[in-house]
Amino acid sequence: MPALSSTPLLRLRSAVDTSQTSSMSVPHNDTAAMLSGYTSLYSGASGDQDPNLLRHLNFDKNDHFSHASWTVWKVLPRASNPVYFTLFSNDLMDQHTDMYNTESIDNIVGPHQAQLLDLYYTHVHHSYLILEPRQDLERRINEKSIRLSLLTCIYCIAMAFQDSLEGVNKEKRYDLCMFAFSILNIEARAPNLDVIKAFLLYMHMLPALVREPNRPGDWALTCQLVGVAQDIGLHRDPSDWKIPAQERKTRRILWWALFIHEKWTAHWLGRPSHIRNTDWDVRPLSLDDFSDDASRLDLNCLASAETFIALASLSEILGDILETFYSVCKDFSVMDAFLANIEGERLRNRWLEWEATTRVVHSMSTERTNVYTLQIARYMVNLSILRARFGSRGGGSEDVSLEMSITIESLIELLENLHTTRPAGLWLSYTKGNLQIVGSMIITLLLASLDDSTMMQRRDLLFRYRHALTALASLDSNLWDVAKSPLVRLNLICEPLFGMSA
């Protein structure tokens, strides 16, 4: 942000005591959310410092107003619907820690920093394009301008791809992950883009143990992430803001990463989404958002960027499905089959249009996990529409159940192919959630069988699915994680209903 000039005063009819005002010393750094030492908070329409009130302040030529311990920045200076941020020193944000002091983790992983960054950019980055290029990240590490929470999460998630690190035993790894959790909750009081990235990475870390509950605390953290993102205005489109082009791109990428995560996690856990269509206006992603300042895109990231964009647009359709069939007030199980079929056809047409216009769907390689994440999500969107139609009042038609079975068979073939291809990369947490839901769908179909022949076919489908998960869970690779949790959850139902043991 450009340095502020002498403190402007409010132009009010009443007198103002100028002896009580002083300028904040704001560094020369024209960014809204990465301003070291300060927290930039979005000014919303219903707040006590709403845009309609803030417009009366006397802004300088850089669209800043500074007074005592706070600054207001008009990042979108226009007559209608302007956007404001209020800036406060981190000392006022109750964060109680030096958020850029990395000595506490350097003592543990310092000798392995280069190796861990190698692991991150080899296995994680291409699966989840939310970080800057490695050279830019390393520069920030050297400059001590990266948040402690983000650096800790990078190291933690990279460790999953290395069996052993000298001097870093299993207990130290666990302690590091627990430290990441604790520091995240502190840094959430003074959020910036680093904190958003750290939250996203934390929720895709491999669990220390795979047990029966569904990732305890993940939904609470997801909702906290939504709140933190709204604090820094991530839900608003930054296309015309007075910030660097690269931050505009980063903001859009992070918003859509959050949107994807929130929608699929809500779907997986059966929770109400906290992102409503009326609460955001960020434009869709494009390949340009993944390019550098000179609009150059790393060819090694091209396929990953296209996959990310495709998953973002597919997630919008999922959001529509959740609102139509899976909300408290619109539950498919109490919906008339006629209405469910009408809505189902509308949603199916959206999905078919996405299929027809999404190039990456028809030209996917099988080398990376994000490709399979998209393919599984693609099947799941169709299955979630069919599930609602099948379970509606008077639903359960043979045509719908047959299409569900055929789609599940295609997904099982995909899983069986994984045993051979063993793609490299990070498995995003909601991929496991989708596989859990598929198991439940097969059991629902089996329990709804009307004759012995149909029941046997669906039982065989369940056995085949369970076998595919068991085979993947037995592998000594990252596939263990993506299959183990769905298998554990499936057995929770299979054992009491059918007497099937693992």
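Preceding block: the structure.
A brief structural summary.

Okay, the layout of surface pockets next. Take a probe with the size of a water molecule and roll it over the atoms, and the empty space left behind shows itself. In this model, the largest pocket occupies a volume close to 1600 Å³. Met205, Leu206, Pro207, Ala208 and Leu209 are the residues nearest the centre of the largest pocket, which is lined by 49 residues in total. If you list the elements that add at least two residues to the lining of the largest pocket, you get helix 5 (148–159), helix 6 (170–187), helix 8 (218–231), helix 14 (429–447) and helix 16 (479–498). A per-element tally of the lining of the largest pocket places helix 6 first, with seven residues. Across the lining of the largest pocket, the residue classes tally to 27 nonpolar, 12 polar and 10 charged.

Reading across from one edge, 1-4-3-2 is the order of the four strands in this open sheet, with antiparallel pairing throughout. Each edge of the sheet is formed by a strand with only one pairing partner; in this case those strands are strand 1 (38–42) and strand 2 (64–67). Strand-to-strand twist of the sheet, defined as the mean angle between neighbouring strand axes without regard to direction, takes the value 25 degrees. The sheet contact formed by strand 1 and strand 4 (residues 83–89) spans five bridges and is antiparallel. Each residue of the ladder has a partner; that of Thr39, found in strand 4, is Phe88.

For the pair helix 3 (residues 113–124) and helix 4 (residues 134–142), the least separation of the axes is 12 Å and the interaxial angle reads 145 degrees. Regarding helix 3 and helix 4, the two cross each other, and that crossing is right-handed. On helix 4, the residues that touch Gln113, Ala114, Leu117, Asp118 and Tyr121 of helix 3 are Arg134, Leu137, Glu138 and Ile141. Among the residues making up the contact of helix 3 with helix 4, the classes are represented as five nonpolar, one polar and three charged.

Another point: the packing of helix 8 against helix 9 (residues 245–269). Closest axis-to-axis distance for the helix 8/helix 9 pair is 10 Å, and the angle between their directions is 150 degrees. In terms of axis orientation, helix 8 runs roughly antiparallel to helix 9. In this structure, helix 8 crosses over helix 9, and the sense of that crossing is left-handed. When helix 8 is examined against helix 9, the residues Trp219, Thr222, Leu225, Val226 and Ala229 are found in contact with a partner set consisting of Leu258, His261, Glu262, Thr265, Ala266 and Leu269. The class makeup of the residues in the contact of helix 8 with helix 9 is seven nonpolar, three polar and one charged.

Conventions we followed
Residues numbered from 1 in each chain as written. Predicted model: local features only at pLDDT ≥ 70, side-chain atom pairs only at ≥ 80, totals over all residues. Heavy atoms only, no water. 1 Å grid on protein atoms, 1.4 Å probe; cavity = no way out; pocket = protein on both sides within 12 Å on 5 of 7 lines; lining within 4 Å. Points joined across faces, edges and corners; volume = space filled by probe spheres on them. Helix = DSSP H or I, 4+ residues; strand = E, 2+ residues; numbered from the N terminus. Nonpolar A, V, L, I, M, F, W, Y, C, P; charged D, E, K, R; others polar. Pairing = 2+ DSSP bridges. Axes fitted to C-alpha atoms, helices over the stretch in contact; angles between N-to-C directions. Left-handed = near helix turned anticlockwise from the far one by under 90°. Contact = heavy atoms within 4.5 Å. Parallel < 35°, antiparallel > 145°, perpendicular 65-115°, else oblique.

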